[in-house]
There are 2 protein chains.
Amino acid sequence: MKIGIVGGTGREGRGLAVRWAEAGHDLFIGSRRAEKGSAKAAEFSREFGVSMQGGDNVSACNHAELIIVTVPYSAHGHTFESIKEAVGDKVIVDITVPLQPPKVRSVHLPEGQAAALEARALLGESARLVAALHHISSEHLSDPEYTFDCDVLVCGDDREARVTVIRIVSDLGLRGVDAGVLRNAIALESLTPVLLHINRRYGSVGSGIRITGIPETQ
Amino acid sequence: MKIGIVGGTGREGRGLAVRWAEAGHDLFIGSRRAEKGSAKAAEFSREFGVSMQGGDNVSACNHAELIIVTVPYSAHGHTFESIKEAVGDKVIVDITVPLQPPKVRSVHLPEGQAAALEARALLGESARLVAALHHISSEHLSDPEYTFDCDVLVCGDDREARVTVIRIVSDLGLRGVDAGVLRNAIALESLTPVLLHINRRYGSVGSGIRITGIPETQ
C-alpha cells in the first residue's frame, strides 16, 4: 500500500516508515520542507536497507493511499490546514497526543477535547479520519528486533477506515483493536500521559496497554 | 481493614463487598436509606456465607477507614454532598464513570472533565481522594471463582493514598497500577466507553486492560 507520512522526519515517522517498508509497503516521507523530506527518506533507506521517497507534506498526501500524520501538538492545527486540500477521501490517521510540556505526565485536554476532534473540525465531517498509535514507543518501533506485547487502539467514525488501519497496524507487528467512534480519541490520547507516568513510576522504557477478554486474533 | 461502600447496594457494591469480605476485611454497605443498606448487607452475607453490616451512607463513612463510592453518575454530585462532612481525612475512592445513556460506547466528558475532579471540587482540595476500579466487570467481581487477567489503574494526588488503594485492590485478586495524579481520572473514566464498545464489537462479556512493559509484581 502507498503510505504517506506527514511530519515523517521525526522519531515516530522513522520507526513507522522502516517497519512498513520492511513489510513491503511503498513509503513517502513528508516534511514542511521538501528537501528535508527527501534527505530523511534517503537516510532511513540507507540506514535500514530499504527504499522510500520523500518530499513535502502535500506531496506525501498526493502520493499516498493512506496518510499518517505525526507532528508535535504545537504544529497540529497548522499542519492539518496545510494538507487539507490534498486529503480528499483518503483514509488519514492522526497519531497526535496533545501533551503540554513540561507536565507530560498529567492529562491535558485541548480546547477541542482531543487533537483528532480538532483535526476533524479542520478537515470537515466527511473526512475519513482515524486516530490510532498513541501508545507505541518510537524507540521500539525503530528496533526491527523488538517484539511488541501491547495493542493499538483504533477509533474513527468510518468503520471501513478503522478496518483498513487495523490491517496496516498488523504489518507493524502490532494487534489493532477497534475502539469505536472518533470521539473516543479523548480516551486514547489522554492515556498517553498515564503511560508516561507509569514509565517513570516503574522504571519502564515503554509501558503499553493490552486489551484482555477478547479473542487473541480477530 | 474497615471498608465502607457508599451506594454499595448495587452490582458493583455487591461484587466488591463479597470479595473483600472473603479476604477478611470488615465491610459496611451504605445506601441512601439505612434500611436498604442493612437489608442488602444481610442478603450478601447469607448469599456468600460472609458477615457484613449495613446502614446509611454517612454511617458507612463513619464506620470505615477506607471509603468506596459507587453510584450512577446521575447521583454522583448529590452523594458526595451528602457524605462530605463524614469523610474527613479518610482515603475515599471514587469509581464513578460519567456515562451518558444511551450513548454509553462514546466518551462523554462531564462539565468538570471527570467525575473524580467534580468530587474533589465538592470535598475540597485536602480530601484524600483516589479514582480507580473503572474497568472491572461487576459480574466477574461477583463470581468468586473468576480469575482476572486485567489491571486496575489507580490515580490520585496523594501518593500514600494511591499505595493504600493498590494494596486493597490486590485483595480483590487484581493488580493495581499507579496511574499518577487525580487529573488522570479523565483518561481512566473515558476508557470505560471504549471497553463497552470493544465488548460489543468482539462479543466479550468483560474486556479489560493490562499494562505491559512493567514488572509483573511491584
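Residues numbered from 1 in each chain as written. Chains lettered and ligands numbered in written order. Predicted model: local features only at pLDDT ≥ 70, side-chain atom pairs only at ≥ 80, totals over all residues. Heavy atoms only, no water.

A few words now on the overall build of chain A. Across its full length, chain A carries eight helices and nine strands. In terms of overall dimensions, chain A is globule-like: its C-alpha atoms have a radius of gyration of 16 Å, near the 17 Å expected for 218 residues. With the principal axes as the frame, chain A shows a C-alpha extent of 40 × 40 × 40 Å. When the 218 residues of chain A are sorted by exposure, 59% land in the buried category. Sequence-distant contacts in chain A: of pairs separated by 6 or more residues, those separated by 24 or more amount to 72%. Each charge sign in chain A was given a centre, from 23 positive and 27 negative side chains, and these centres are 4 Å apart. (Helix = DSSP H or I, 4+ residues; strand = E, 2+ residues; numbered from the N terminus. Rg over C-alpha atoms; globule rule 2.2 N^0.38 Å. Buried < 20%, exposed > 50% of the residue type's maximum accessible area, 1.4 Å probe, protein only. Contact = heavy atoms within 4.5 Å. Lys, Arg positive; Asp, Glu negative; His and termini not counted. Charge placed at Lys NZ, Arg CZ, Asp CG, Glu CD.)

Right, let's get into the relation of the copies chain A and chain B. Two copies of a chain can be linked by a rotation about an axis combined with a shift along that same axis. Once chain A is rotated about the relating axis by 180° and shifted along it by 0.0 Å, it coincides with chain B to within an RMSD of 0.0 Å. These values place the two chain copies in the arrangement generated by a two-fold rotation axis. Interface overlap between copies is the fraction of interface residues in one copy that are interface residues in the other; for chain A against chain B it reaches 100%, indicating a shared surface. (Least-squares fit on C-alpha atoms with pLDDT ≥ 70 in both.)

With that out of the way, let us pick up unusual backbone geometry. All names here are of chain A. Along the chain, Pro101 connects to Pro102 via a cis peptide bond; the corresponding omega equals 5°. With respect to the helices and strands, the residue Pro102 is situated in the loop between strand E5 (91-94) and helix H5 (115-123). Positioned with a positive phi, Gln113 is a non-glycine residue whose angle comes to about 75°. By secondary structure assignment, the location of Gln113 is in the loop between E5 and H5.

A word on helix H2 (residues 34-48) of chain B. Residues and elements named next belong to chain B. With 15 residues, H2 extends 21 Å between its outermost C-alpha atoms, agreeing within 8% with the 21 Å of an ideal straight helix rising 1.5 Å per residue. Those residues of H2 that sit buried are Gly37, Ala41, Phe44, Ser45 and Phe48. One side of H2 holds all its buried residues, which, seen down the axis, span an arc of 100°. Residues Glu35 and Arg46 are exposed on H2 and point more than 90 degrees away from its buried face. Among the residues trailing H2, Gly49 stands out with phi positive, at a value near 65°. (Expected span 1.5 Å × (residues − 1). Arc of directions from axis to C-beta.)

This paragraph deals with helix H8 (residues 185-202) of chain A. Residues and elements named next belong to chain A. Its 18 residues place the ends of H8 26 Å apart at the C-alpha level, agreeing with the 26 Å of an ideal helix rising 1.5 Å per residue. The element H8 is extensively covered by neighbouring structure, given that 15 of its 18 residues are classed as buried. Following H8 by one or two positions, Gly203 adopts a phi angle in the positive range, close to 65°.

Facing 42 residues of chain A, the contacting portion of chain B comprises 42 residues. Around 3200 Å² of area is buried between chain A and chain B when both sides are counted, 60% of it from carbon and sulfur atoms. For the pair chain A and chain B, the interface holds two salt bridges. Here B:Asp178 ties to A:Arg201 by a salt bridge, and the two come within 3.1 Å at their closest N and O atoms. Here chain A is connected to chain B by 21 residue pairs in polar contact (both at pLDDT 80 or more). Listed by contribution, the elements that provide at least two residues to the side of chain A that touches chain B are helix H7 (159-170), strand E8 (175-178), H8 and strand E9 (208-212) of chain A. Top contributing element to the side of chain A that touches chain B by residue count: H8(A), with 11 residues. Pairing geometry for E9(A) and strand E9 (residues 208-212) of chain B, over five bridges, is antiparallel. Among the inter-strand pairings, A:Gly208 is bridged to a residue of E9(B), identified as B:Thr212. (Buried area = accessible area lost by both parts, 1.4 Å probe. Salt bridge = Lys/Arg side-chain N within 4 Å of Asp/Glu carboxyl O. Polar contact = N/O pair within 3.5 Å; in protein donor to acceptor, adjacent residues only side chain to side chain. Pairing = 2+ DSSP bridges.)

Below, the discussion takes up the layout of surface pockets. The space that makes up the largest pocket amounts to roughly 1100 Å³. Breaking the lining of the largest pocket down by element, the ones donating at least two residues are helix H1 (11-22), helix H4 (76-87), helix H6 (138-141) and helix H8 (185-202) of chain B. Looking at the lining of the largest pocket residue by residue, the class counts come to 15 nonpolar, 20 polar and six charged. Here the second largest pocket defines a volume of roughly 790 Å³. Along the wall of the second largest pocket there are 28 residues; nearest its centre are A:Arg11, A:Glu12, A:Leu99, A:Ile136 and A:Ser138. Taken together, the elements giving at least two residues each to the lining of the second largest pocket come down to helix H1 (11-22), helix H6 (138-141) and H8 of chain A. The dominant element in the lining of the second largest pocket, judged by the number of residues it contributes, is H8(A), at four residues. Split into classes, the residues belonging to the lining of the second largest pocket amount to 12 nonpolar, 13 polar and three charged. (1 Å grid on protein atoms, 1.4 Å probe; cavity = no way out; pocket = protein on both sides within 12 Å on 5 of 7 lines; lining within 4 Å. Points joined across faces, edges and corners; volume = space filled by probe spheres on them. Nonpolar A, V, L, I, M, F, W, Y, C, P; charged D, E, K, R; others polar.)

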